[in-house]
Amino acid sequence: MASGPVKVGIIGSQFEADIHAASIQMIPDAAEVVAVASPTAGHAAELARRYGIPRVFLDYREMLKEPDIEMVTITAPNDLHARMTVDIARAGKHVVCEKPLCLNLEEAEEMIETCRRQGVLLLYAEELFFTPKYRKAKEMADQGAFGRVYLVKQSEKHYGPHSPWFWDVERSGGGVFMDMGCHGIAFCYWFLGRPRIRSVYCQMGTYVHADKTLGEDDSIAILEFDNGAVGLVENSWARRGGMDDRIEVYGEGGVTYGNLHMGNALPTYSEYGYGYAVEKAPTTKGWSWPVFEELWNYGFPQEMRHFARCVRGKEQPEATGEDGRVVLEAIYAGYASAGQGRKIPLPFRPSGVRKPVDLWLEARQARAAGE
Ligand SMILES: NC(=O)c1ccc[n+]([C@@H]2O[C@H](COP(=O)([O-])OP(=O)(O)OC[C@H]3O[C@@H](n4cnc5c(N)ncnc54)[C@H](O)[C@@H]3O)[C@@H](O)[C@H]2O)c1
């Protein structure tokens, strides 16, 4: 097996690509980015300049021909994840795929199967598994701090995404439940030790962004797990004031609360404003909660270090394509539940679903037609 830092190629050059490049720069002993591929020449070149990445490609398939690249990270829109994963795996390289895994379960299975056949890893980039504050909560729960845990809550809210493709359900697969509900579902599942998800109940609506999207901009999901615990996942693209990400854990013997940003921030008032407070904060005037070491607090460098060590055979993958597939099935069930107005039991495997949000939009239309 090769040694030294794992050589990485990044597909995409904008928001999440920057996070991957910055995170990998923080772990030079474990990995280094040697190439970036993105169809917008200026953007890829700019990312390369910022992080000293030596090779730039417009077509990711050209990048996949580079023999020294060992691991490729996908930071492109959701509808491209499946095709790219298959291409990367066939080129014999390990795959890091951003969340959500892909648009539908058929794609998920093809991705998992192709990587298995090609003998490469399919690593699912769910950074909440690596978020230091949330890992501490899980460590305490696993040590018995809260006794039997009966409720785990995770919520992630802001005022909506930064790029147009998120609003286009054909490309994103859905609204905020697809985009950020995937984090909350994964979190509850992981926190509880991956028990089977028994059912999903979900309520969603489009409250402020109906001019931009067919997708939902607010959702609440309740998941029942086989061990009797409940997960509560709240998400919003309608919440003002920048990113809010938090957890609550309740057991018969105790409780813990984690607020990812505000707990680590400096409560600040400024009459004049300043450079940067936190992801998606619209202003730095008045009261704000500037974060520091943002990437580390999220767990991105830790996630990339873990993935690189998996490639070197030094660690076993803690976040895989299989996790992404479980999350996607719960997302299907959530959209179907919101559409039908009832709890959906799992396994839930309707065939021919191109994108999860259809299960909400079509059921809602059918209900409206029947009323
Ligand atoms: N883990 C997280 O917290 C997190 C946060 C943000 C985004 N994401 C995920 O990362 C992915 C990218 O989101 P983003 O916010 O960076 O979006 P973005 O719009 O900022 O960037 C998308 C990038 O994909 C590139 N791209 C588009 N078509 C391509 C193609 N055919 N080949 C190669 N590159 C192509 C674009 O040029 C752009 O550089 C999404 O799946 C999103 O869900 C994850």
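Residues numbered from 1 in each chain as written. Predicted model: local features only at pLDDT ≥ 70, side-chain atom pairs only at ≥ 80, totals over all residues.

## Here's the deal with the sheet that holds strand E9 (residues 218-225)
On the basis of which strands lie adjacent, the open sheet formed by 7 strands has the order E12-E11-E7-E10-E9-E8-E15 and mixed pairing. In this open sheet, the two edge strands, each paired with only one partner strand, are strand E12 (254-259) and strand E15 (344-345). Where helix H8 (residues 176-191) meets the sheet, it contacts strand E7 (149-157), strand E8 (197-205), E9 and strand E10 (230-236), and its direction lies at approximately 155 degrees from that of E10. (Pairing = 2+ DSSP bridges. Helix = DSSP H or I, 4+ residues; strand = E, 2+ residues; numbered from the N terminus. Contact = placed C-beta atoms within 7 Å. Axes fitted to C-alpha atoms, helices over the stretch in contact; angles between N-to-C directions.)

## Focus on the domain arrangement of the protein chain
Taken domain by domain, the protein chain comprises domain 1 (6-125 + 300-317) and domain 2 (135-260). Taking the mean C-alpha position of each, domain 1 and domain 2 sit 25 Å from one another. Facing 8 residues of domain 1, the contacting portion of domain 2 comprises 9 residues. (Domains from an automatic or database assignment.)

## Let's talk about the nonpolar core
Grouped together as the largest cluster of nonpolar side chains are 105 residues, with contacts concentrated most on Val-36, Val-95, Ile-185 and Ile-331. In terms of residue count, the dominant contributor to this core is H8 (12 residues). If you count residues domain by domain, this core takes at least three from each of domain 1 (6-125 + 300-317) and domain 2 (135-260). Contact partners of Val-36, with chain neighbours within four places excluded, come to Ile-10, Ser-13, Ala-17, Ala-44, Leu-47, Ala-48, Ile-53 and Val-56. In terms of nonpolar packing, the next biggest core, distinct from the first, is built from 5 residues, Met-243, Ala-277, Val-278 and Trp-289 among them. (Core = buried A, V, L, I, M, F, W, Y, C linked by C-beta atoms within 7 Å. Buried ≥ 20, exposed ≤ 12 C-beta atoms within 10 Å, placed from the backbone.)

## Examining the sheet that holds strand E4 (residues 71-74)
One open sheet holds the 6 strands; their spatial order is E3-E2-E1-E4-E5-E6, and the pairing between them is parallel. Looking at the sheet topology across the chains shown, the edges are occupied by strand E3 (55-57) and strand E6 (122-125). Pairs of neighbouring strands in the sheet enclose a mean axial angle of 25 degrees, with direction left out of account. Both strand E1 (residues 6-11) and strand E2 (residues 31-37) contribute to a ladder of 6 bridges, which runs parallel. Each residue of the ladder has a partner; that of Gly-9, found in E2, is Ala-35.

## A few points about the site of the ligand
Around the ligand, 24 residues are found, and the nearest of them are Gly-12, Gln-14, Phe-15, Glu-16 and Ser-163. In terms of residue class, the shell around the ligand is made up of 11 nonpolar, 9 polar and 4 charged. (Near = placed C-beta within 6 Å. Nonpolar A, V, L, I, M, F, W, Y, C, P; charged D, E, K, R; others polar.)

## A word on the environment of Asn-264
Mapped onto the elements, Asn-264 comes out in the loop between E12 and strand E13 (268-270). On a C-alpha basis, the gap between Asn-264 and Arg-148 in space is 28 Å, while along the polypeptide they are 116 residues apart. Ignoring sequence-local partners within four residues, the contact set of Asn-264 consists of Val-291 and Asn-297.

## Here we look at the pairing of E12
The sheet contact formed by strand E11 (residues 244-251) and E12 spans 6 bridges and is antiparallel. Bridge pairing in E12 places Val-249 opposite Thr-256. Counted along the chain from E11 to the antiparallel partner E12, the turn is 2 residues long.

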